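# Summary of the model geometry
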Amino acid sequence: MSTTTSDTPTTPMSEHGTSIYQDWLQGEHGPMRYWVSEPKRGVPVVFIHGYAAMVEHWKRIALQVARSHTFYALDLYGFGESARPRGEPSRERWAAQVATFIREVVGEPAVVVGHSMGGVVATEVARSYPDLTRALVLVNSSGMQMYERPPTFFDTVMMNALSLPILGEAVTCAFTNPCTLEYSVRQGLLSAYHNKERVTPKLVQTFTAPLRKYGASSYLAASRNFRGLTLEAFPGDVRAPTLLIWGAEDRSIPPSDAEAIKAHLIPQAEIVVLPATGHCPFDETPEAFCQAFLPWVDRV
């Protein structure tokens, strides 16, 4: 049985009677950190972050969502402040983590929102745990690259290199070198964001902190399982109402991937493309994101 582990949850955010609390849940693979809004209202919405991210990445929209619906967000195992379990990370293990969270903390079916790699996890939750999924929202989801843009020879060489026991660790150590870590994280964020001004020193510090504290071994493990982190579903596997929100200027996962998801995997999906927005619309253009997201949630 999973149990909450904190008797004194902290309050990262609060505004006009609505608060976001931080707490912990003891799951199958160790403690997981999560945020939840109070008071409870509307329908529960569970946010799943992308690769290398954490609950703080949803900060710009948390209170706005919480004014209408109950906001939840959790750190996937291996990221943020959640446990770093052994073994290969996979969409199935993360989906099981989210399912445990919904059962133990949320207590009823939720709207499940996944960003980037979190979209792969959210889709697996909707496919494998339909009883826990009220609706599905994918935000610039990864998972279609292998189908839409097969790896080049250079990509294959790099993925194979990361898989090598010594070389992969060497690359990781170079990336997490204290002298270059902030620069590396900043460059990674700049490549994802269309609105470069949103890549603030505070955002860089937020993404840097877990790497300083825990190292990058869990990040490397996820990278090594790149081929296993694809969207796996056939039409009809996901029956929940589905919304695809995409930044029009995402260069790594373009809006054509949303069209491919609708055409090949989730035919009932609705698509909203946000202009002047890159890979992280909820952080780059939070007002436009909420204008697309919240009215849709009100209808499901």
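Residues numbered from 1 in each chain as written. Predicted model: local features only at pLDDT ≥ 70, side-chain atom pairs only at ≥ 80, totals over all residues. Heavy atoms only, no water.

### Topic: the pairing of strand β8 (residues 133-139)
What counts, and what does not: Note on classification: 1.4 Å probe, protein chains only; a residue is buried when its accessible area is under 20% of the maximum for its type, exposed when over 50%, partly exposed between these limits. A run of DSSP states H or I qualifies as a helix once it reaches four residues; a run of E qualifies as a strand once it reaches two. Both are numbered from the N-terminal end. A pair of strands is considered paired only if DSSP assigns at least 2 bridges between the two. With its strands directed away from the observer, a crossover is right-handed exactly when the path from the first strand over the helix to the second travels clockwise.
Within β8, six of the seven residues are buried, which leaves it mostly tucked inside the rest of the structure. Relative to β8, strand β7 (residues 110-115) runs parallel, the two being bridged by six bridges. Paired with Ala-110 across the two strands is Thr-133, which belongs to β8. Handedness of the β7-helix α3 (residues 117-128)-β8 crossover: right-handed. Judged from the four bridges that link them, β8 and strand β9 (residues 242-247) form a sheet pairing that is parallel. Within β9, the position partnered with Leu-138 by the bridge is Leu-244.

### Brief notes about the environment of Gln-268
Defined as follows: Here, residues are in contact when the closest pair of their heavy atoms is within 4.5 Å.
Relative to the elements of secondary structure, Gln-268 occurs in the loop between α10 (256-264) and β10 (270-274). C-alpha of Gln-268 to C-alpha of Ala-240: the two residues are 28 residues apart in sequence and 8.6 Å apart in space. When sequence neighbours within four positions are dropped, the list of residues in contact with Gln-268 reads Val-238, Arg-239, Ala-240, Thr-242 and Lys-262.

### Points about the packing of helix α2 (residues 91-106) against α3
Heads up, the condition is: Axis angles are defined between N-to-C directions and span 0 to 180 degrees, where every axis is a line fitted to C-alpha atoms and, for a helix, only to the segment in contact. In these notes the angle categories are as follows: under 35 degrees is roughly parallel, over 145 is roughly antiparallel, 65 to 115 is roughly perpendicular, and the rest is oblique. Throughout, a crossing is termed right-handed when the near helix is turned clockwise from the far one, and left-handed when it is turned anticlockwise from it by less than a right angle. Residues are grouped as follows: Ala, Val, Leu, Ile, Met, Phe, Trp, Tyr, Cys and Pro are nonpolar; Asp, Glu, Lys and Arg are charged; every other residue, Gly included, is polar.
α3 packs onto α2 with a crossing angle of 70 degrees between their chain directions and a minimal axis gap of 8 Å. Judged by the inter-axis angle, α2 sits roughly perpendicular to α3. With respect to the hand of their crossing, α2 and α3 are arranged in right-handed fashion. Of the residues in α3, those touching α2 at Arg-91, Glu-92, Trp-94, Ala-95 and Val-98 are Met-117, Val-120, Val-121, Glu-124 and Val-125. Tallied by class, the residues present in the contact of α2 with α3 amount to seven nonpolar, no polar and three charged.

### Some thoughts on the pattern of salt bridges
Opposite charge on two side chains makes pairing possible when the charged atoms of those side chains draw close. This is how the line gets drawn: By definition, a salt bridge exists where a carboxyl oxygen of Asp or Glu is found within 4 Å of a side-chain nitrogen of Lys or Arg.
Across all of its chains, the model carries 12 salt bridges by this definition. Between Arg-91 and Glu-124 there is a salt bridge, with the nearest N and O atoms lying 3.8 Å from each other. A residue pair is termed long-range when its members are at least 10 positions apart, and Arg-91 in helix α2 and Glu-124 in helix α3 qualify at 33 residues. Both residues of the pair, Arg-91 and Glu-124, count as buried. A cluster of three or more residues bridged by salt bridges with shared partners is formed by Arg-91, Glu-92, Glu-124 and Arg-127.

### Comments concerning α2
The element α2 is largely enclosed, with a buried count of 12 among its 16 residues. Residues Arg-91, Arg-93, Trp-94, Ala-95, Gln-97, Val-98, Ala-99, Thr-100, Phe-101, Ile-102, Val-105 and Val-106 constitute the buried set of α2.

Read these as layout, nothing more, since geometry by itself doesn't imply function.
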